[in-house]
Amino acid sequence: MSLKKVHDEQPKEFKFSIGNLKKAEEILKRYPEKNKKSAVMPFLYLAQKQNDNWIPLSAMKYIANLLSMPYISVYEVATFYTMFNLAPVGKHFVQVCTTTPCLIRGANKIVELCKEKISLKENEVSKKGNCSWMEVECLGACVSAPMIQINENYYEDLDEKSAREIIDSILNDKPLKPGSYRGRKNTSPEKKQLVNGENHA
Ligand code: FES
């Protein structure tokens, strides 16, 4: 996204919703008053969640004010961590793991689907404005490769068909349920296995 577009998209004001203000109060209880700026990361996370997965500059200023810290310090944290998005990504933000275990089990097909259905380039919002995608490194669910993360949810054990259905569902703002798409429970083996002649689930 161009710098001009990012600038144009910046809302002038940001405030936590009533629900997030309550959450912010709870978060602040974790820290001594003199160290309340330690809440900057959970506050940024709350702001990102409230604002369709990205953090505008006005939210950083708002958080700086709440935590009595310089705006530039909040900005430094927000720009350091890649999990904070600083430009619109759409309300369905797709992260496709393309590290080796996912790659050898077909992650490249999911990337092709994202290019076909969401946008040709990474970090580009779909035509409808509700979705974008990017490639990421291992998301820690290699046992269920290939997998994608959409907002906070993991979609695992995918193939071309299930990935296509999932992407269609978010493009239509009706996300399918997360989890394994081969019926795996947590990280357990998919089928019963014989070990020393006995059945083990
Ligand atoms: S390699 Fe994809 S989750 Fe680990």
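Structure report, in brief. As the structure is a computational prediction, the values presented were derived from the model and not from experiment.

## Topic: the packing of helix 7 (residues 107-117) against helix 8 (residues 160-171)
Here's step 1: It is the contact of helix 7 with helix 8, at a shortest axis distance of 10 Å, that shows an interaxial angle of 30°. Taken as axis vectors, helix 7 and helix 8 run roughly parallel relative to one another. In this structure, helix 7 meets helix 8 at a crossing whose hand is right-handed. Here helix 7 contributes K109, I110, L113, C114, E116 and K117 to the contact with helix 8, which in turn contributes E160, A163, R164, I167, D168 and L171.
Here's step 2: Grouping the amino acids of the contact of helix 7 with helix 8 by side-chain chemistry returns six nonpolar, no polar and six charged.

## Focus on the pattern of salt bridges
Here's step 1: Inspection of every chain in the model, using the stated rule, returns 10 salt bridges.
Here's step 2: Between D168 and K117 there is a salt bridge whose closest N-O contact spans 2.8 Å. One end of the pair, D168, is in helix 8; the other, K117, is in helix 7, and 51 residues separate them in sequence.
Here's step 3: Judged by its relative accessible area of 28%, D168 is partly exposed.
Here's step 4: Between D157 and R184 there is a salt bridge; the shortest N-O distance is 2.9 Å. In this pair, D157 is assigned in the loop between strand 4 (153-156) and helix 8 and R184 in the loop between strand 5 (179-180) and strand 6 (193-195), connecting sequence segments 27 residues apart. We note that D157, like R184, is buried.
Here's step 5: Counted as one network, the salt bridges with shared partners bring together D157, R182 and R184.

Reading the values: rules and limits
Residues numbered from 1 in each chain as written. Predicted model: local features only at pLDDT ≥ 70, side-chain atom pairs only at ≥ 80, totals over all residues. Heavy atoms only, no water. Axes fitted to C-alpha atoms, helices over the stretch in contact; angles between N-to-C directions. Helix = DSSP H or I, 4+ residues; strand = E, 2+ residues; numbered from the N terminus. Parallel < 35°, antiparallel > 145°, perpendicular 65-115°, else oblique. Left-handed = near helix turned anticlockwise from the far one by under 90°. Contact = heavy atoms within 4.5 Å. Nonpolar A, V, L, I, M, F, W, Y, C, P; charged D, E, K, R; others polar. Salt bridge = Lys/Arg side-chain N within 4 Å of Asp/Glu carboxyl O. Buried < 20%, exposed > 50% of the residue type's maximum accessible area, 1.4 Å probe, protein only.

Don't take any of this as a statement about function, it's just geometry.
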